[in-house]
Amino acid sequence: GQSLFWTAYHNRSRLRIDSQKANAQANQTERQLFQTGPALRLNFEGDRTLDFNLSYIDSSFSRDVTNESKQGRFEFDYRQPLNVNSSIGVSGMYSDVSSVIASQNYQSSRLGVNYDTSGLNMNLSMSLGANEIAKETGISFAGLFLSFSSAFQTEGAKWRFSLNRELTDSSIGLGLANNLLEEFSFGARDSDFNNNDIVERTRIEASYSKDLVPGRWAFVASLFGDQQDYQTLLLDKRALGAELKFKYFSTRQLRFEYRVSWGDDITDEPNNFTQRSTEIFHRLECWYKLNRRLDFVFKIGKNRKFLASHLRDHDEF
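## Focus: the overall build of the protein chain
- Helix and strand counts for the protein chain come out as zero helices and 16 strands.
- For a compact globule of 317 residues, the expected C-alpha radius of gyration is about 20 Å, and the protein chain comes in at 22 Å, within 12% of that figure.
- Once the C-alpha set of the protein chain is aligned to its principal axes, its extents read approximately 55 × 55 × 35 Å.
- Relative to its full complement of 317 residues, the protein chain shows a buried share of 41%.
- Contacts spanning at least 24 positions in sequence make up 51% of the contacts within the protein chain whose residues lie at least 6 apart.

## Describing the side chain of Arg203
- When you line up the elements, Arg203 lands in strand β10 (residues 198-213).
- With relative accessibility at 2%, the residue Arg203 sits in the buried group.
- There is a polar contact of 2.9 Å between the side chain of Arg203 and the side chain of Glu205.
- Among the polar contacts listed, one links the side chain of Arg203 to the side chain of Asp226, at a separation of 2.9 Å.

## Structural notes on empty space enclosed by the protein
- Evaluation of the coordinates by the stated rule reveals one cavity of 30 Å³ or more.
- For the largest cavity, the calculated volume is near 80 Å³.
- Along the walls of the largest cavity sit Asn67, Ser69, Val97, Ser99, Gln104, Tyr106, Asp169, Ser170, Ser171, Asn196 and Asp197, which together make up its complete lining.
- Per-class residue counts for the lining of the largest cavity are two nonpolar, seven polar and two charged.

## With respect to the pairing of strand β8 (residues 140-154)
- Bridging between strand β7 (residues 122-135) and β8 involves 13 bridges; their strand directions are antiparallel. By the bridge assignment, Ala134 is partnered in β8 with Ser140.
- Here β7 folds back onto β8, and the loop between the two strands holds four residues, one of which, Gly138, carries a positive phi near 105 degrees.
- Relative to strand β9 (residues 157-169), β8 runs antiparallel, the two being bridged by nine bridges. The partner of Ala151 across the bridge, within β9, is Arg160.
- Linkage of β8 to β9, two consecutive antiparallel strands, is achieved through a turn of two residues, within which Gly156 is found at a positive phi near 75 degrees.

## Considering the packing of aromatic side chains
- Using the criterion set out here, one finds five aromatic pairs in the structure.
- Seen in terms of ring centroids, Trp217 and Tyr248 are 4.8 Å apart; in terms of plane orientation they differ by 45 degrees. Their pairing is tilted. A residue pair is termed long-range when its members are at least 10 positions apart, and Trp217 in strand β11 (residues 217-230) and Tyr248 in strand β12 (residues 236-249) qualify at 31 residues.
- A relative accessible area of 26% places Tyr248 in the partly exposed class.
- Geometrically, the ring pair formed by Phe219 and Phe246 is tilted, given 5.3 Å between the ring centres and 45 degrees between the ring planes. Taken as a pair, Phe219 in strand β11 and Phe246 in strand β12 lie far apart in primary sequence, 27 residues in all.
- Looking at Arg110, its charged tip hangs above the ring of Phe145, at a distance of 3.8 Å from the centre.

## Thoughts on the environment of Leu212
- Position of Leu212 relative to the elements: it lies in strand β10.
- Residue Leu212 is classed as partly exposed on the basis of its relative accessible area, which comes to 47%.
- With 141 residues separating them in the primary sequence, Leu212 and Gln71 have C-alpha atoms 47 Å apart.
- Beyond its immediate chain neighbours, meaning those up to four positions away, Leu212 contacts Trp217, Ala218 and Phe219.

## Looking at the nonpolar core
- Counting six residues, the largest nonpolar core is built from Val97, Tyr106, Ile133, Phe141, Leu167 and Ile198.
- In this structure, Phe141 is in contact with Asn131, Glu132, Ile133, Lys135, Leu167, Ile198, Gln231 and Thr232, ignoring residues within four places of it in sequence.
- Counting five residues, the second largest nonpolar core, distinct from the first, contains Leu15, Ile17, Phe61 and Phe193.

## A look at the pattern of salt bridges
- Overall, the coordinates contain 20 salt bridges when judged by the stated rule.
- Notably, a salt bridge pairs Asp58 with Lys70, separated by 2.5 Å at the nearest N-O pair. Pair noted here: Asp58 is in strand β3 (residues 48-61) and Lys70 is in strand β4 (residues 69-81), with a separation of twelve residues, a long-range link.
- For Asp315, the salt bridge goes to Arg304, with nearest N and O atoms at 3.3 Å. Taken together, the residues span a long stretch of sequence, with Asp315 in strand β16 (residues 314-316) and Arg304 in strand β15 (residues 294-307) at a distance of eleven residues.
- Arg304 sits in the partly exposed class, given a relative accessible area of 34%.

## Some words on the confidence of the model for the protein chain
- The pLDDT averaged across the protein chain works out to 89; a share of 96% of its residues lies at or above 70.
- Across the protein chain, strand β6 (residues 106-118) holds the top mean pLDDT of 96, while β16 sits lowest at 81.

## Re the pairing of β4
- For β3 and β4, the ladder comprises eleven bridges, and the chain directions are antiparallel. Of the residues in β4, the one forming a bridge with Asp58 is Lys70.
- Counted between consecutive antiparallel strands, the loop separating β4 from strand β5 (residues 86-99) contains four residues.

The rules behind each value
- Residues numbered from 1 in each chain as written.
- Predicted model: local features only at pLDDT ≥ 70, side-chain atom pairs only at ≥ 80, totals over all residues.
- Heavy atoms only, no water.
- Helix = DSSP H or I, 4+ residues; strand = E, 2+ residues; numbered from the N terminus.
- Rg over C-alpha atoms; globule rule 2.2 N^0.38 Å.
- Buried < 20%, exposed > 50% of the residue type's maximum accessible area, 1.4 Å probe, protein only.
- Contact = heavy atoms within 4.5 Å.
- Polar contact = N/O pair within 3.5 Å; in protein donor to acceptor, adjacent residues only side chain to side chain.
- 1 Å grid on protein atoms, 1.4 Å probe; cavity = no way out; pocket = protein on both sides within 12 Å on 5 of 7 lines; lining within 4 Å.
- Points joined across faces, edges and corners; volume = space filled by probe spheres on them.
- Nonpolar A, V, L, I, M, F, W, Y, C, P; charged D, E, K, R; others polar.
- Pairing = 2+ DSSP bridges.
- Phe/Tyr/Trp six-rings, centres within 6.5 Å; stacked < 30°, edge-to-face > 60°.
- Lys NZ or Arg CZ within 6 Å of the ring centre and 35° of its normal.
- Core = buried A, V, L, I, M, F, W, Y, C linked by side-chain atoms within 4.5 Å.
- Salt bridge = Lys/Arg side-chain N within 4 Å of Asp/Glu carboxyl O.
- pLDDT = per-residue confidence, 0-100.

This is the structure:
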């Protein structure tokens, strides 16, 4: 009735340091998130389960970002089946975070209820609860935690929707959220790492995919919305974006893909100053599969970003 696991997770992402500047090498850093630790599962009668997890998490950057952090985390998750296809439960988390910048050290806690269900053409997962962060400087913040993801499949089409709302810090952001889609070619979730603050972050993502001609033409439409509420800094950020993607399968070995993306970012800064930027991105890809082990890929893209002030407009090719 018991199972013991040891898990390891590593995420390496090249992200922007300042979201308002060009996505050039001088404005990029590589963030690495590493998480590892034991997980114990206890199985009871009636398919009830109780999980305990201990984790060590390390967040580091390759350049120009100083708020690297380490944390120890404890989590539990109890699940009680309602029927063959659905379950309900309760989960909690506590973590202690230490940063290179001592004033950014904090303790985080979370408690919530979970619901999961699945069917022939759908699945849904939701967690709802309270989230609190207490900094060692004596300041504390409390907010709503919500994690939701769903997928529905109809004849020849698939709908996906996800929502994540939580208190987090600006260095980790949504880097450990596992319910989001990650289907966008631009508009990285995390940026502006040097702001050094606790953020209440809400991210919504949705996508619709359909085979226009099965085995030949495919189409994907995606939308996202992002809101970041900084708790002590006079900074609030809002973003909205969309992407259209067309795929053409010429043969079993040759595939073409074209995507166009649009994104709009608004940042509220001190002295009632609002900075707004718009980004449009085109990309054409050609994939040739030589054999099971080797692909050749050719990509060409154009990116234009312009700000309301027109001080840092740029084109990228």
